[in-house]
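Observations on the model geometry
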Amino acid sequence: MTTDDASVLYEPNDRLPAGLTLGMGLQGLLLSVTTTALTISLFANAAGLDDDDRSWMIFAALAVNGVATAAQATRGGPIGCGHVLMVGTAPSYLAVTLLAAERSDARTLATLIVVSSCVQFILARWLPRARQIITPSVGGIVLMLIAVTVAGVAVGRLAGPPGGTASSAGPAVAALTVAVAAMLGLRAKGRVRLWSPLIGIAVACVVAALFGLFDSTRVSAARWIALPEPQLPGVGLTASAEFWSLLPMFVVVSMAAGLLAMSSGVIIQQVSWRNPPVTDFRLVQGAMNTNGAASLIGGFFGALPTVVYGPTSATMTTLTGVASRRVGYSVGAMLVAVAFAPKATAVLASIPDAVTAGYLLVIMGMVFVEGMRAVAREGLARHRALIVGISLGIGFGLQGSSVVADLIGGAWGALLGNGMVAGTIAAIALTAFVEVSGRRRQRLEVELHIDSLGPISEFLDSLAAGAGWSEASRNRLRLVGEEALASLLEDRSDGSQARLVVIARSAPNSIELQFLAALEEQNLEEQLACLSERAEVPEERTISLHLLRHFASTVRHRKYSGIDIVTVEVDRSR
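Residues numbered from 1 in each chain as written. Predicted model: local features only at pLDDT ≥ 70, side-chain atom pairs only at ≥ 80, totals over all residues. Heavy atoms only, no water.

1. As for the overall build of the chain
Here is the rule: Every helix listed is a DSSP run of H or I at least four residues long, and every strand listed is a run of E at least two residues long, numbered separately from the N terminus. Whether a residue is buried, partly exposed or exposed follows from its accessible area with a 1.4 Å probe, protein chains only, as a fraction of its type maximum: under 20%, in between, or over 50%, in that order. Note on contacts: a residue pair is in contact if any heavy atoms of the two residues lie within 4.5 Å. Only the protein chains shown count as covering a residue, and every accessible area follows the Shrake-Rupley method with a 1.4 Å probe.
Regarding its fold elements, the chain presents 23 helices and seven strands. In the chain, which comprises 574 residues, the proportion classed as buried is 53%. By sequence separation, contacts in the chain at least 24 residues apart represent 81% of the contacts at least 6 residues apart. Carbon and sulfur atoms form 61% of the exposed surface of the chain, whose accessible area is close to 24,700 Å².

Encoded structure:
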């Protein structure tokens, strides 16, 4: 996919002017703190926390979120996505954390958060093995379900305006927010575009103040600078019935947070470059690991679990055209600084619900589109279209419905009755069913060496003969295997040993081949996409790529930590 050259003004590796870096950091801060402050306030009010516990939880959350946001912008080892991905407190955990606070103590809640966060490390580690089930298409479904869920919550926040204000004030301000954001997004250029989110929020806040929607009570009561008294809950594995009964629910929600991090890691790579590269799943794993680490560390310090604010991050990048990772460092530093300034936190948290609701509608609309794009990139074959349709139908149908909650009852009923959770479970279950019920796969493991060409050709010839392919089709399949091996061997001059696993699965009119190996930095699919832009006379190192594209109907390449997976599909000759 190639985007308009003007759509991205600053790519992740570009340097930003100091003023723009600070301005983008402020915009990210506004979008991040409002959700974090609201989530913590809802939890604190429902759980009956005193002022000391509330202040410490806000401080710990902002500090952890700031460090995690800066870490996401880095690219080194298993941590970091190398893009602007903001991390904040997760509203999706409210139901289970409130249930834990009601049934147990702070120590048990912290332990549940710490233990369940490890699920995200496991999910990231096993992402290469789960590639057939946790696919980008599933990630796109998750994004669309999140968009619909959050949009419904945003509309619900327009009800019940503060006393003394007209009932139409909230919807009017929200409509104005959407209108200003839309006009700026569609027509803003140059410097105006860079500041469009901040301009939109500022205009909406001025109008909201005229309607009397601002509540400055908490702002005036907050101190300028303060370090709250530490309220560390302590962590320790317990064998209490409450802990073990609550743990499965925390694990389910943690898995959902991991899937959101995966989807966000894919989407942010697509919106951050003028010519988006093929998705690097090593960066996706880094995004998942970073969020898991943030939740784990936050649990030790008494903060609620975190989630990647991928939809907000992608929307800010799309609206402003600024994707430089320096924005991530700036947002992270400001979050840590604001943690020590309760007055600033109170100001940001006092932005009226009508303003945040209107802006959330814009953000979620764009997130839904990105989810559609993620599904479309995987293709809409008959079985995939059915999975998408059923999952979205279940997810959308359960929005605002209590049928599952009434049927099951309790916390599990509320969890499984959530449209986002139910739709995600349906997508994963249906994808797993297609994988398990398909034809049995055949496997060959050899050394990644030119001498392995003979065994690979024999393996493919036997496979094609068993499927009843003609001699011409069998020759084409063997050529695909030969060119795929040659492409994987190119530029491997270091003499390092690597194993190659070939996995084949037959369909009525095609055969899908997967080549799994630890490879060098080049990405085959990306090189194939660039071949049409190169000179007519091919370079020696791209000849195999030309032949591979000629003989195979599709070529996909996914990069994970420690493993590269090349998937080719060969159609039967007619």
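2. Topic: the packing of aromatic side chains
What counts, and what does not: Ring pairs shown here join Phe, Tyr and Trp side chains whose ring centres sit within 6.5 Å, with only the six-membered ring taken for Trp; geometry is labelled stacked below 30 degrees between planes, edge-to-face above 60, and tilted in between.
Per the counting criterion, the structure on display carries three aromatic pairs. Between W56 and F59 the ring centres are 5.3 Å apart and the planes differ by 35°, which places this aromatic pair in the tilted class. Taken together, the residues W56 and F59, both in helix α2 (residues 51-73) and three residues apart, mark about one turn of the helix. The exposure classification of W56 matches that of F59, with both residues buried.

3. Focus: the pairing of strand β4 (residues 499-507)
The line we're drawing: Any two strands are treated as partners once DSSP identifies two or more bridges connecting them.
When you tally the buried positions in β4, you get seven out of nine residues, the bulk of the element. Relative to β4, strand β3 (residues 442-447) is paired through six bridges, and the arrangement is antiparallel. Bridging across to β4, Q442 finds its partner in A504. By the bridge criterion, seven bridges tie β4 to strand β5 (residues 510-517) in an arrangement that is antiparallel. The residue of β5 that forms the bridge with R505 is E512.

4. Section: the pattern of salt bridges
The following threshold applies: What counts as a salt bridge is simple: a side-chain nitrogen of Lys or Arg found within 4 Å of a carboxyl oxygen of Asp or Glu.
Here the structure, examined in full by the defined rule, presents six salt bridges. Here R274 and E11 are joined by a salt bridge, their closest N and O atoms 3.6 Å apart. Placement of the pair is R274 in the loop between α10 (241-271) and α11 (281-300) and E11 in the segment before α1 (18-47), with a sequence separation of 263 residues. According to the relative accessible area criterion, R274 is partly exposed, its value standing at 24%. A salt bridge links E471 to R474; the nearest nitrogen and oxygen atoms lie 3.7 Å apart.

5. Overview of the environment of M262
Among the secondary structure elements, M262 is positioned in helix α10. Spatially, the C-alpha atom of M262 lies 7.2 Å from that of Q285, the residues being 23 residues apart in sequence. Other than its neighbours up to four places away in sequence, M262 contacts L127, I134, T135, G139, V284 and M288.

6. Re the side chain of T36
So the rule is basically this: Side-chain atoms alone can form a polar contact between residues adjacent in sequence; in general such a contact is a pair of N or O atoms within 3.5 Å, and within protein one must be able to donate a hydrogen while the other accepts it.
Inspection of the secondary structure assignment puts T36 in helix α1. A polar atom in the side chain of T36 sits 3.4 Å from the side chain of Y309. Once residues within four sequence positions are removed from consideration, T36 is found in contact with A61, L62, N65, G88, T89 and Y309.

7. Topic: the environment of Q442
You can see Q442 is positioned in strand β3. A sequence separation of 64 residues divides Q442 from S506, and the C-alpha atoms of the two residues are 9.0 Å apart. Not counting residues up to four positions away in its chain, the partners in contact with Q442 are F459, L463, V502, I503 and A504.

8. Let's talk about α11
The criterion, for reference: To estimate the expected span of a helix, subtract one from its residue number and multiply by 1.5 Å.
Across its 20 residues, α11 extends 29 Å between first and last C-alpha, which sits within 8% of the 28 Å expected from 1.5 Å per residue. In terms of burial, α11 is a largely internal element, 15 of the 20 residues being buried. Looking one or two residues beyond α11, the residue adopting positive phi is G302, at roughly 85°.

9. Examining the confidence of the model for the chain
Put simply, the rule is: As a per-residue measure, pLDDT tells how confident the predictor is, with possible values from 0 to 100.
The share of residues in the chain with pLDDT of 70 or more is 83%, and the mean pLDDT across the chain is 78. Here helix α22 (residues 524-530) stands out as the element of the chain with the lowest mean pLDDT, 46, in contrast to helix α13 (residues 325-339), whose mean of 92 is the highest. Segment residues 1-5: pLDDT under 50, and twelve contacts once partners within four positions in sequence are set aside and those in other chains are kept. Overall, residues 524-543 carries pLDDT values under 50, and its contacts beyond four positions in sequence, including any with other chains, amount to 30 contacts.

10. Things to note about the nonpolar core
Note the cut-off: Within this scheme, the nonpolar core is defined by two criteria: the residues are buried Ala, Val, Leu, Ile, Met, Phe, Trp, Tyr or Cys, and they are joined through side-chain atoms within 4.5 Å.
I141, I201, F250, M288, V327 and V355 are the most contacted members of the largest nonpolar core, which has 106 residues in total. Top contributing element to this core by residue count: α10, with 15 residues. Apart from the residues within four sequence positions on either side, V355 is in contact with V173, T177, I201, A204, C205 and A208. The next biggest cluster of nonpolar side chains, apart from the first, holds 28 residues, and it includes A498, L500, A517 and V566.

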